[in-house]
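# Chains, contacts and geometry: an overview
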Amino acid sequence: MSDLALPPGPRGLKFKTAMKMGLGIYSFLEECHENYGDAFSLLLPGMAPFVWLADPAQVKDFFNLKPDAVDQSKLPIPIDLGDRQTGFLNGKEHQDSRKIVIPPLIAGRLKKRADVMHEIVEEHLNNWKVGDAFDTPRKVGDVSLDIAIYTLFGLREGERKDRYAKLMLDWIGAATNNTMFAIGTLYGPFKFRNKLHRDYLKQTASGKFGDGKKGLLPWKQAIDLKVLLADMMREDIRRIRRENDETAIDMFSMMSRSTYEDGTLLDEERVIAEAMGILVGGHETSAASSAWHMLWVLKKPEVVAKCRAEVLASIKEHGKFDALKICELPYCNATLNESMRLTPSAVGTLRYLVKDSTFGGITIPAGTNVLAAAYLIQRRKDVWGEDAEEFKPERWLDGGFRPGPFEYFPFGGGRRACIGSNQAKQQLRIMWADLYRRIEFDSPYSNNDEWPGQMQVSGQTEPQDGVPVTVTNVFPADIGYPLEKVAESETA
Ligand code: HEM
């Protein structure tokens with residue numbers, strides 16, 4: 001680290017700072033912003049300093065950082081996704097890698113998946129019954145997991161799909177839980193990630209799959225499950241290459257057929273690493289965003305009524321739930337934008353600096369983790385107006401404020417922006433439209449000012465202990481929510 005000074009921030013015992021962050025990251029960031037200004041630094045045990053940037057001018061420089069100023073392989077993330085996965089690559093290798101993972105997600109291919117995404121949502125909702133009680137990120141996460149498996153492997157049902165779903169969910173749970181994050185922090189996240197990867201390769205080479213259960217070593221289960229999951233993926237890579245069916249456009253088939261610049265096929269571990277990255281990058285993020293969204297709409301029955309009316313009007317106009325048309329509904333989309341503005345699951349977007357770099361006039365030393373603080377910027381009154389802290393989907397409608405890329409960035413930005421943002425938006429739009437239309441909920445959080453703390457799950461910020469809901473009404477798929485009831489709820 002160079003001898004440049006860090007921006008101010010709370011000092012004292014590092015573990016105390018970590019605890020304060022763990023207990024409620026949103027309020028802790030607000031407190032630091034108020035006390036130390038737009039750039040502040042936090043010192044946490046076992047990690048390089050974290051500098052948070054809360055001014056759009058700083059974020060502009062952040063998203064325009066030159067590739068040689070950062071080294072993402074040093075990110076403090078203690079999850080073994082594999083050697084050379086996109087999120088940890090740098091420079092040309094990183095850009096080349098994005099060219100491999102992005103093609104299955106381009107607009108034309110995404111649109112072709114919209115109807116199946118809707119069918120998957122319907123299959124789940126058809127099983128929900130009045131009185132069912134559940135925790136939002138988990139139950140809604142089951143829907144996004146099925147959509148992820150369909151997008152990734154093209155699988156809708158059957159024994160293989162079920163096996164993938166179970167292994168993926170179990171692996172995410174075992175590899176990204178708080179114990180693994182705590183051990184990773186003590187061990188050093190970078191060293192820990194590499195250790196896990198070496199152990200995974202050794203176990204794979206020995207041909208010992210393990211039983212996938214917990215063991216004496218806290219990381220045993222995560223390694224066993226990754227070995228089992230990767231083995232399934234390896235079988236699929238080999239089958240896809242044998243069949244060489246160019247009409248198969250699921251992500252895994254397209255990545256398995258991808259080549260390096262010299263024309264050789266990607267090595268198998270590379271394809272596996274990208275699939276693991278897409279799984280981690282896409283699963284908990286969508287579940288966490290839905291949990292926050294649920295919390296907002298539970299408190300805003302008038303917003304739900306407007307969304308429901310918009311969905312029903314679209315069904316009436318097009319004669320069916322046309323998933324692509326549903327994705328274009330302005331009020332429903334504004335509602336999702338608004339929950340991601342006020343409660344982004346990724347509170348900040350991270351770069352590891354290897355060169356001293358200047359952000360809005362403040363120079364931050366190399367050897368630092370720098371974050372563009374989405375949570376703080378997306379609530380700034382000088383950007384969003386005096387009502388910045390209020391949940392108002394109307395602000396996104398025609399004639400309203402249009403934020404720039406340094407003022408609203410729940411999916412990050414610059415050359416490392418989320419590759420799955422359109423996939424995520426499409427699936428959230430379809431799923432929430434169907435939820436507004438078919439399901440009514442009650443919750444301890446309904447219609448009051450109760451607000452949960454926050455917890456970290458797989459690196460995402462989620463409502464503390466989830467958002468418990470009980471299903472109070474389920475309307476059949478072919479009828480939808482009765483129109484007269486919409487009118488009643490609007491006038492109530
Ligand atoms: C609501 C859901 C999602 C949210 C909030 C989200 C958020 C983010 C954020 C904040 C970043 C960091 C961007 C940056 O560093 O500038 C990111 C990167 C990434 N996301 Fe997402 N994401 C979501 C869904 C998805 C999905 C569905 C996929 C896969 C299909 C995905 C794959 C990735 C990948 C591979 C990266 C790394 C990109 C790179 O380093 O070049 N994400 N995401």
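Residues numbered from 1 in each chain as written. Predicted model: local features only at pLDDT ≥ 70, side-chain atom pairs only at ≥ 80, totals over all residues.

### A word on unusual backbone geometry
Heads up, the rule is: In this text, helices come from DSSP runs of H or I with a minimum length of four residues, and strands from runs of E with a minimum of two, each type numbered from the N-terminal end. Residues are called buried when their C-beta atom has 20 or more other C-beta atoms within 10 Å, exposed when it has 12 or fewer, and partly exposed otherwise; all C-beta atoms are positioned from the backbone.
Phi at Arg84 takes a positive value of approximately 60°, unusual for a residue other than glycine. Secondary-structure assignment places Arg84 in the loop between helix H3 (56-63) and helix H4 (91-101). Classification of Arg84 by C-beta neighbours within 10 Å gives partly exposed; the count is 17. Of note in this structure, Asn244 is not a glycine but carries a positive phi near 45°. Considering the arrangement of structural elements, one finds Asn244 in the loop between helix H11 (220-243) and helix H12 (251-257).

### A look at the nonpolar core
For soluble globular proteins, the rule of thumb is that nonpolar side chains tend to be buried together. Cut-off, in case you're wondering: What makes a nonpolar core is a set of buried Ala, Val, Leu, Ile, Met, Phe, Trp, Tyr and Cys residues, with links drawn between C-beta atoms within 7 Å. Placing a C-beta atom from the backbone of each residue, one calls two residues in contact when those atoms lie within 7 Å.
The biggest cluster of nonpolar side chains holds 86 residues, and the ones touching the most others in it are Leu152, Trp171, Ala222, Ala275, Leu279, Ile430 and Trp432. Looking at this core, the element that brings in the most residues is helix H13 (residues 268-299), giving 16 residues. Once residues within four sequence positions are removed from consideration, Ala222 is found in contact with Trp171, Ala174, Ala175, Met180 and Leu196. Core analysis: the second largest hydrophobic core is formed by 30 residues, Val51, Val70, Val347 and Tyr375 among them.

### Looking at the site of the ligand
Definition in use: As used in this record, a residue near a molecule or strand is one whose C-beta atom, placed from the backbone, is within 6 Å of it. Lys, Arg, Asp and Glu make up the charged group, whereas Ala, Val, Leu, Ile, Met, Phe, Trp, Tyr, Cys and Pro make up the nonpolar group; the residues left over, Gly among them, are polar.
As a structural note, the neighbourhood of the ligand is formed by 25 residues, with Gly281, Gly282, Gly412, Cys418 and Gly420 the closest of them. Breaking the shell around the ligand down by element, the ones donating at least two residues are H13 and helix H19 (421-438). It is H13 that provides the largest number of residues to the shell around the ligand, a total of 7 residues. Grouping the amino acids of the shell around the ligand by side-chain chemistry returns 8 nonpolar, 15 polar and 2 charged.

### Some points on helix H14 (residues 301-318)
Threshold: To estimate the expected span of a helix, count its residues, drop one, and scale the result by 1.5 Å.
With 18 residues, H14 ought to run about 26 Å at 1.5 Å a step, and its terminal C-alpha atoms sit 26 Å apart, in line with that. Positioned one or two residues after H14, Gly319 has a phi angle of 75°, which is positive.

### Observations regarding helix H8 (residues 159-175)
The following threshold applies: An arc is given here, and it is the one of the directions from the helix axis to the C-beta atoms.
If you check H8, its first and last C-alpha atoms are 24 Å apart, about what 17 residues at 1.5 Å a residue would give, namely 24 Å. Those residues of H8 that sit buried are Tyr164, Met168, Trp171, Ile172, Ala174 and Ala175. Buried residues of H8 fall within an arc of 165° about the axis and therefore sit on the same side. Facing away from the buried side of H8 by over 90 degrees, the exposed positions are Glu159 and Asp162. Residues of H8 that are buried sit in contact with helix H7 (136-153), helix H9 (178-187), H11 and H13.

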